[in-house]
Amino acid sequence: MDNDNLSNFIHDIIDADLKSNKYNSKINTRFPPEPNGFLHIGHAKSICLNFGIAEKFQGHCNLRFDDTNPLKESDEYVQSIISDIKWLGFNIQDNILYASDYFEQFYEYALILIKNRKAYVDDQSAELIKINRGTLNKPGENSPNRDRSVEENIMLFENMKAGKYGDGEKVLRAKINMNAPNLNLRDPIMYRIIHTSHHRTDNKWCIYPMYDWAHGLEDSIEKITHSICTLEFEDHRPLYDWYLSQLDIHHPQQIEFARLDLSYTVMSKRKLKELIDNNYVDGWDDPRMPTISGFKRRGYSPESIKIFCNKIGVAKRDSIIDYALLEYCVREDLNKKALRVMAVLNPIKLIIDNYPDDKVEELSAENNPENELDGTRVLPFSKELWIERSDFMEDAPKKYFRLSIGKEVRLKHAYYITCTEVVKNDAGEVIAVHCTYDPKSKGGWTNDGRKVRGTLHWVSTQHAIDAEVRLYDRLFNVENPLNSKKINNFTDAINSSSLSILKNCKLEPSLSNINLDVHYQFLRMGYFYVDSNSTKDKLIFNRTSTLRDSWKKT
RNA sequence: UGGGGGAUCGUUCAAUGGUAGGACACAUGGUUUUGGUCCAUGGGAUUGGGGUUCGACUCCCUAUCCCCCAGCCA
């Protein structure tokens, strides 16, 4: 990945900081997910940004779990996040950290703020705190508990920690300014009481730090230099800075960028979970999901995701990236590495009348025209073949290069054939096509200068293996399901045909010894990848993407 | 209408007072044993109005539009 050439406004800031020796020339970043869901491609953007900066500037990037809310988090999510980041190819062996490992330190820091009269325990109910916070246009009102003595605050805070109060009975608040125009500064809550066991600290704690209190401290403890987050945290930066200044500890610079949004999908963990919970998709790794695990199962390569993340750029304005760009990136990568094979998805029979009944020929086929090193394989050829239903048409339009009666086409790697006759069932559906072949065109070529435009893929019926193939389309019918005038709820825009399952597909026999981790190109049909639920007895392929198709029916 | 951000081809990212450029998408050709790949060509943008300047996407004024914030979520 050549990200040395990458640049964006954050790189510019770092360049300037390096020049002024702001952080002793050591650059540290972090990727801080909350383990409350699976990672999606928006996270991949952040991962590539943060790990990419570490690579480019010879620094470090930590994976740090922001596990400050036991109500929503679990080890299952921790494990999925680790595995997704490893799959993307970033080295995190020694860099997996947890906010929960710093809880003791956070507590000590809180005591310092209390002693400096910068924090107090508040007994007000959640409702009251909300009311007294004021509104966008109205200033807040001081809590009656705001001026408790240091001693009383320490005692109450210790009691909070010791579990003497129930959930919501007390909170620790920073004493800043209830009149601040920035709502985040109106005595924000630092600790709340939650009597729930935590996936790592178990029942050791019943007070848990809020994001704003914890995040800067985590960054500071880890000696992060550039704390990169998304735009909605711009309003939180004054608070981030306030906590660190009060404590007078290492002070990273928070920088905000616009999160990734992709057309025809949704990107919030909450919405994705809603799709799962309501059975619109099969789970976090459903191949239609914009999750890392979804893309993996769909057959995207980690490289294609990284190419994409580096191509979309980093800026501060809200934008929606065209899904077509993602598809371009996966095609670009897979075109180089996918092994070409032949598979007929919607089969009809092709009978070569002048080919000997029992003869079987072994033809040689290249595995990848983009890479000679991928070698060749052997294809069995015989009198009866499967071809694609859409490759025959009775009344073909002018520019149809495929099969219709009287027309000659090439069978890839095999022979020229000319269509002679079509067989239909009682319902008028085509069930078989007859043709003759030209024995002199073996390998799919003659020297007589004949022009044969169409080339079809095929599979010998007696050698074919069966498989199920799953075709995927966009999950939503509108570009921006969360903000579309055409619909009320985002689920109204779900594409009801985002999945279609083909159960009668015929694959060339070389696919019987399948390699699970290989990306295939089914010739002329697209890129395909073995599904994780595939078995020896029931082979299942997912279509990663179609090929670009410049042929448009009139 | 309190505060914080942001407006550049259809989409997205650049241009840091000096020829508005790239990528994707689209269109048209060429090559081709995949209607793939590859190659070439084309159309297409500075939110509006003023100002400063030899020169403005960039600086100033003004108007407009969009996003975020009133969780004991992150």
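Residue indices begin from 1 for each chain and proceed along its sequence in written order. Starting at A for chains and at 1 for ligands, labels are handed out in the order in which the entities are written. At least 70 in pLDDT is required for a residue's local features to be given in this predicted model, at least 80 for side-chain atom pairs to be given and counted, and no such filter applies to totals for whole chains, interfaces and linings, which use all residues. Computation of side-chain values: all heavy atoms of the structure, hydrogens and water removed.

Caption draft 1: Main features of the sheet that holds strand β4 (residues 119–122). Strands sit in the order β4-β5-β6-β7 across an open sheet of four strands; the sheet is antiparallel. The open sheet has two free edges, formed respectively by β4 and β7 (207–209), since each of these has just one partner strand. Each neighbouring strand pair of the sheet contributes to a mean axis angle of 20°, computed without reference to strand direction. Pairing of β4 with strand β5 (residues 171–174) involves four bridges; the strand directions are antiparallel. Strands are treated as partners if at least two bridges between them are detected by DSSP. Elements are defined by DSSP. Helices are runs of H or I of four residues or more, strands are runs of E of two residues or more, and each kind is numbered from the N terminus. Between N-to-C directions, angles cover 0 to 180 degrees, with each direction set by a line fitted to C-alpha atoms, over the stretch in contact for helices.

Caption draft 2: Main features of the protein's contact with RNA strand B. Residues in close proximity to RNA strand B total 69 residues, the closest being Arg317, Arg340, Gly443, Gln521 and Ser550. Definition of nearness: a residue and a molecule or strand are near each other if at least one heavy atom of the residue lies within 4 Å of the molecule or strand. Near the protein, within 4 Å, the atoms of RNA strand B are sugar or phosphate in 63% of cases. In the analysis that follows, any N or O atom pair within 3.5 Å is treated as a polar contact, provided that within protein one partner can donate a hydrogen and the other can accept it, and provided that, for residues neighboring in sequence, both atoms belong to side chains. Here a base oxygen of RNA strand B sits 3.4 Å away from a polar atom, N or O, in the main chain of glycine 444. Separating a phosphate oxygen of RNA strand B from a side-chain N or O atom of arginine 524 is a distance of 2.9 Å. Listing elements by their share of the surface near RNA strand B, those giving two or more residues are α5 (126–132), β6 (189–193), α11 (302–312) and α12 (323–337). Considering each element in turn, the surface near RNA strand B owes the most residues, four residues, to α12.

Caption draft 3: Representation of the environment of valine 281 within the structure. Within the secondary structure layout, valine 281 lies in the loop between α9 (269–277) and α10 (292–298). Along the backbone, valine 281 and leucine 475 are 194 residues apart, and their C-alpha atoms lie at a distance of 9.3 Å. Pairs of residues are marked as contacts when any of their non-hydrogen atoms sit within 4.5 Å. Ignoring sequence-local partners within four residues, the contact set of valine 281 consists of Leu275, Ile276, Asp286, Arg288, Met289 and Leu475.

Caption draft 4: The pairing of strand β17 (residues 416–424), seen in detail. Where strand β16 (residues 408–411) lies against β17, three bridges are found, and the strand directions are antiparallel. Counterpart to arginine 410 in the pairing with β17 is tyrosine 416. Joining the antiparallel neighbours β16 and β17 is a turn of four residues, in which histidine 413 adopts a positive phi near 65°. As defined by bridge partners, β17 adjoins strand β18 (residues 430–438) across eight bridges and the pair is classed as antiparallel. Looking at β18, one finds that threonine 418 is bridged to threonine 436. Remark: five residues form the turn of the hairpin made by β17 and β18, two consecutive strands paired antiparallel; glycine 428 in that turn has positive phi of roughly 85°.

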